Amino acid sequence: PEVFRRHMQYLRERCHPIGLEELIEAGQERAVPSRAVAVTLDDGYVDDLRNAAPILADYGIPATCFVTTAGLALSHLPSVGGLTVYGVFCPVNRTP
């Protein structure tokens with residue numbers, strides 16, 4: 001977590017962190033802010049929530065978390081529209 005914290009501190013101090021959707025829209029409009037960067041987390045491991053989410057919240061950095069969806073299709077899991085952890089909203093999109 002401390003290495004990730006230093007990385008996020010660097011991004012906050014030297015870049016312009018924005019959400020992935022915002023970056024895509026800005027790119028489509030050819031209006032990407034100077035030094036724009038989007039943070040993504042792959043695989044949706046629990047450490048994203050335990051370690052990364054609080055650090056991202058501390059620095060006010062939006063992030064997109066890509067979750068491996070195979071486990072979400074299990075019938076015993078409740079259907080959820082999103083998770084809010086440490087003030088970071090992570091939408092959950094279930095695809096068939």
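Residues numbered from 1 in each chain as written. Predicted model: local features only at pLDDT ≥ 70, side-chain atom pairs only at ≥ 80, totals over all residues. Heavy atoms only, no water.

Engineer: Looking at this structure, how should I read the nonpolar core?
Structural biologist: Generally speaking, a soluble globular protein has its nonpolar side chains buried in company with each other. Of all hydrophobic cores here, the largest spans nine residues; its members are Met 8, Leu 11, Val 37, Val 39, Leu 41, Ala 52, Ile 55, Leu 56 and Ile 61. Only helix 1 (2-14), strand 3 (39-41) and helix 3 (46-59) provide two or more residues apiece to this core. Among the elements that make up this core, the one with the highest residue count is helix 3 (three residues). Excluding its chain neighbours within four sequence positions, the residues that come into contact with Ile 55 are Pro 1, Phe 4, Arg 5 and Met 8. (Core = buried A, V, L, I, M, F, W, Y, C linked by side-chain atoms within 4.5 Å. Buried < 20%, exposed > 50% of the residue type's maximum accessible area, 1.4 Å probe, protein only. Helix = DSSP H or I, 4+ residues; strand = E, 2+ residues; numbered from the N terminus. Contact = heavy atoms within 4.5 Å.)

Engineer: What exactly am I supposed to notice about helix 3 here?
Structural biologist: Turn by turn, an α-helix covers 3.6 residues, leaving residues three or four places apart pointing in a common direction. With 14 residues, helix 3 should reach 20 Å at 1.5 Å per residue; the first-to-last C-alpha distance of 20 Å fits that figure. Of all the bends in helix 3, the greatest, near 40 degrees, is centred on Ala 52, and the proline Pro 54 appears no more than four residues after it. Those residues of helix 3 that sit buried are Asp 48, Ala 52, Ala 53, Pro 54, Ile 55 and Leu 56. After helix 3 finishes, the residue Gly 60 shows a positive phi value of roughly 65 degrees. (Expected span 1.5 Å × (residues − 1). Bend = angle between axes of the 7 residues up to and from the residue.)

Engineer: Please explain the pattern of salt bridges as it appears in this structure.
Structural biologist: Pairing between side chains of opposite charge can happen when the charged atoms of each approach one another. This model, assessed by the stated rule, comprises one salt bridge. Between Arg 5 and Asp 58 there is a salt bridge, and its shortest N-O distance comes to 3.2 Å. Note that Arg 5 is positioned in helix 1 and Asp 58 in helix 3, a separation of 53 residues in sequence. Note on Arg 5: relative accessible area 24%, which makes it partly exposed. Accessibility expressed as a relative area gives 54% for Asp 58, which makes it exposed. (Salt bridge = Lys/Arg side-chain N within 4 Å of Asp/Glu carboxyl O.)

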